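Coordinate analysis (summary)
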Amino acid sequence: MPSWWRGHACCVNTVAKLMRDNDIRAKTARKFRVRTTDSDHDLPVADNRLDRRFDPPAANDVWRADITSIPTREGWLYLAAVEDLSARRVVGWAMAEHRESRLVVDALERAVQRRLPGEGLLSHSDRGSQYASAHYQALLARHGLVVSMSFILWSNVRRPIRRIVEKHLGGDVVHIELPNQVSFLNRAALALALDEVPPGGHVLLDARGTDYVDPDILDLIRDFQEKTGPARGVEVSLSGFRSKYQLEDQIQYIDYSTRDLQEAVTPAQVLQILKDGNERFRIGRQLTRDLGRQVEATAAGQHPLAVVLSCIDSRTPAELIFDLGVGDIFSVRLAGNVISREVLGSIEYACAVAGAKLVVVMGHTRCGAVKAAVDLICAGQSAAEATGCDHLDHIVEDVQRSVDRAACLAAAHLPAAEKETFVNGVARRNVDRGVEELQRQSRVLARLVREGRVAVAGAMYDVTTGAIEFLADEGIGFSQPVAS
Ligand SMILES: [Zn+2]
């Protein structure tokens, strides 16, 4: 190698031309099959903050450092260069016969001397060991150019890859939640999690809480989606992958009620599905759903598993508190969850015509309709007299069947907390009565319950905790059939 190369003060244009002529980038290095950087090292690596968007606004905002090799008659020559991305100009460079860390340090030092960047400049490089070396990082830090490695280490320790098995209506789905920054540090854990998906199973890769995914990880995901997964019969669903990752979001598993599912499940299994759903809601572990896809999938017909009669209270939306999706349940909502002919007709249709297996009558704590019913008894007033509303008494009078005047008058003087407990007790009795009335007033429902094809369960939703308690019958929540 000619000695004039080393440390020669050649002008930037010459280097730029040299780089241009040799198409100097990582690709060139691969073409010549010469290793310029080695990512197989244990040194810490900073996150790729450029995020592959090489459009910084001004000079000295972002520099990119790279290293490449140039073939000469006397062997390989290594060139380290630093480019300012605003102008795509080489601002520092160094050459040597070796590719050790001091080569990239020399290039960066010359760039700093020439351009005198302020603190906060973003220095981006590949993940080669030279750039990850303590030597190079110390230089970055000295000039305020550091790309924090502790950030990525910390964010990965804080929130590693999470693996949860979700029980969707169509079967188990292994839900792999990616951390905010997915780096090479997560690669082994992700590969293991994918490896552990059972053959023939479903896996959901969830990047909804992710800001950055390392290209190596994207390659791993693509490879699993296209080859490794299908070879083991594993279906891969993706959520939260933006277009910049060139991976399209898609949900492959069935997460809505189908005809086959509706026919196959028993009332007890439907009750368990609802209990599991409320538990997920209560602890904030709702299933990952593609509602748009559910709309599409259920457009041709619905096969709901249950019908839920609940209060109109804004805090008790049935689909949310049971963590269900589009097409999963019929939902009947009336103030005080009272039974009327219209309610009976709706529930009869849901069970006898549309095939629902479970009826849930659900009251809730702190119910305004129940409290009004109690207060109006004490006041000796009708709802119309108290409010001027002509139709409220239909509801209030129905709820009042669950409590007598003497009990209301006794409760009127209780402290607030005890009064609330009393009102909640009335709400429970109102639910019990609803469960009985359904079977007493509807012959078809009574028959379906007798035949074991439909069950009726009472439930109370607690607006303070989000929990649903199923009432009566040793926690199974099934009412005894009522003789018709
Ligand atoms: Zn209510």
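Quantities reported herein were computed from a predicted structural model and do not represent experimental measurements. (Residues numbered from 1 in each chain as written. Predicted model: local features only at pLDDT ≥ 70, side-chain atom pairs only at ≥ 80, totals over all residues.)

**Observations regarding the overall build of the protein chain**
Scanning the protein chain for helices and strands turns up 19 helices and 15 strands. Expressed as a percentage of the 484 residues in the protein chain, the buried residues total 38%. (Helix = DSSP H or I, 4+ residues; strand = E, 2+ residues; numbered from the N terminus. Buried ≥ 20, exposed ≤ 12 C-beta atoms within 10 Å, placed from the backbone.)

**Structural notes on helix 5 (residues 134-142)**
Inspection of helix 5 places Y136, Q137, L139 and L140 among the buried residues, and these make up the whole buried set. Projection of helix 5 onto a plane perpendicular to its axis shows the buried side chains occupying an angular sector of 155°, all on one side. Exposed and facing more than 90 degrees away from the buried side of helix 5 are A134, A138 and R142. (Arc of directions from axis to C-beta.)

**Overview of the packing of helix 13 (residues 341-353) against helix 19 (residues 443-450)**
A pair of packed helices can be characterised by two numbers: the angle between their axes and the separation between those axes. It is at 9 Å that the axes of helix 13 and helix 19 come closest, and there the two elements cross at 40°. Taken as axis vectors, helix 13 and helix 19 run oblique relative to one another. Remark: the crossing between helix 13 and helix 19 carries left-handed chirality. For the pair formed by helix 13 and helix 19, the contact residues are I347, E348, C351 and A352 on the first element and V444, L445 and L448 on the second. Across the contact of helix 13 with helix 19, the residue classes tally to 6 nonpolar, no polar and 1 charged. (Axes fitted to C-alpha atoms, helices over the stretch in contact; angles between N-to-C directions. Parallel < 35°, antiparallel > 145°, perpendicular 65-115°, else oblique. Left-handed = near helix turned anticlockwise from the far one by under 90°. Contact = placed C-beta atoms within 7 Å. Nonpolar A, V, L, I, M, F, W, Y, C, P; charged D, E, K, R; others polar.)

**Examining the environment of R315**
Within the secondary structure, R315 sits in the loop between strand 11 (306-310) and helix 12 (318-321). Considering only alpha carbons, one finds R315 and T464, 149 residues apart in sequence, at a separation of 9.8 Å.

**A few points about the sheet that holds strand 8 (residues 202-206)**
On the basis of which strands lie adjacent, the open sheet formed by 4 strands has the order 5-6-8-10 and mixed pairing. The sheet is open, and its two edges are formed by strand 5 (162-168) and strand 10 (235-239), each paired on a single side. Neighbour-to-neighbour, the strand axes of this sheet turn through a mean angle of 25°, independent of strand direction. Bridge count between strand 5 and strand 6 (residues 171-177): 7 bridges; the pairing is antiparallel. What sits directly across from H168, in strand 6, is G171. (Pairing = 2+ DSSP bridges.)

**Looking at the pairing of strand 2 (residues 75-84)**
Counting buried residues in strand 2 gives 7 out of 10 residues, a clear majority hidden from the surface. With 7 bridges joining them, strand 2 and strand 3 (residues 89-96) adopt antiparallel strand pairing. Looking at the pairing, A81 lines up with W93 of strand 3.

**Quick look at the sheet that holds strand 13 (residues 358-364)**
The strand order 12-11-13-14-15 describes an open sheet built from 5 strands, whose pairing is mixed. Looking at the sheet topology across the chains shown, the edges are occupied by strand 12 (329-333) and strand 15 (468-471). Strand-to-strand, the axes of this sheet are offset by a mean angle of 25°, without reference to chain direction. With 5 bridges connecting them, strand 11 and strand 12 associate as parallel partners.

**Examining the confidence of the model for the protein chain**
With 74% of its residues at a pLDDT of 70 or more, the protein chain shows a mean pLDDT of 80. Below pLDDT 50 for its whole length, residues 1-13 participates in 12 contacts with residues either more than four positions away or in separate chains. In this model, residues 22-40 is a region of pLDDT below 50 whose contacts with residues beyond four sequence positions or in other chains number 33 contacts. (pLDDT = per-residue confidence, 0-100.)

**Structural notes on the nonpolar core**
Counting 61 residues, the largest nonpolar core has A306, V307, I347, L358, V359 and V360 as the members making the most contacts within it. Residue contributions to this core peak at 7 residues, all from helix 14 (residues 368-379). Among the nonpolar cores identified, the runner-up in size contains 23 residues, and L190, L194, V203 and F241 belong to it. (Core = buried A, V, L, I, M, F, W, Y, C linked by C-beta atoms within 7 Å.)

**Considering helix 16 (residues 392-400)**
Every buried residue of helix 16 is accounted for by I395, V396, D398, V399 and Q400. For helix 16, the elements touching its buried residues are helix 14, helix 15 (383-387) and helix 18 (416-441).

**Details of unusual backbone geometry**
Not every positive phi belongs to a glycine, and D323 is a case in point at roughly 45°. Mapped onto the fold, D323 is located in the loop between helix 12 and strand 12. Residue class for D323 comes out buried when judged on the 20 C-beta atoms lying within 10 Å of it. Its identity as a non-glycine residue notwithstanding, N337 has a phi of 35°, on the positive side.

**Notes on the packing of helix 7 (residues 187-195) against helix 8 (residues 215-231)**
Look at helix 7 against helix 8: their axes get within 10 Å of each other, and the N-to-C directions meet at 10°. By the angle between their axes, helix 7 is roughly parallel relative to helix 8. Across the interface between the two elements, R187, L190, A191 and L194 from helix 7 touch D216, I217, L220 and F224 from helix 8. Of the residues that constitute the contact of helix 7 with helix 8, the class distribution is 6 nonpolar, no polar and 2 charged.

**Some words on the pairing of strand 14 (residues 455-461)**
Most of strand 14 is tucked away, with 7 of its 7 residues classed as buried. Inspection of the sheet shows strand 13 paired to strand 14 by 7 bridges, in the parallel sense. Each residue of the ladder has a partner; that of V361, found in strand 14, is G458. Pairing geometry for strand 14 and strand 15, over 4 bridges, is antiparallel. In the sheet register, M460 faces strand 15, and the bridge partner there is E469. Here strand 14 hands over to strand 15 after 6 residues, with G466 in that stretch at a positive phi of 85°.

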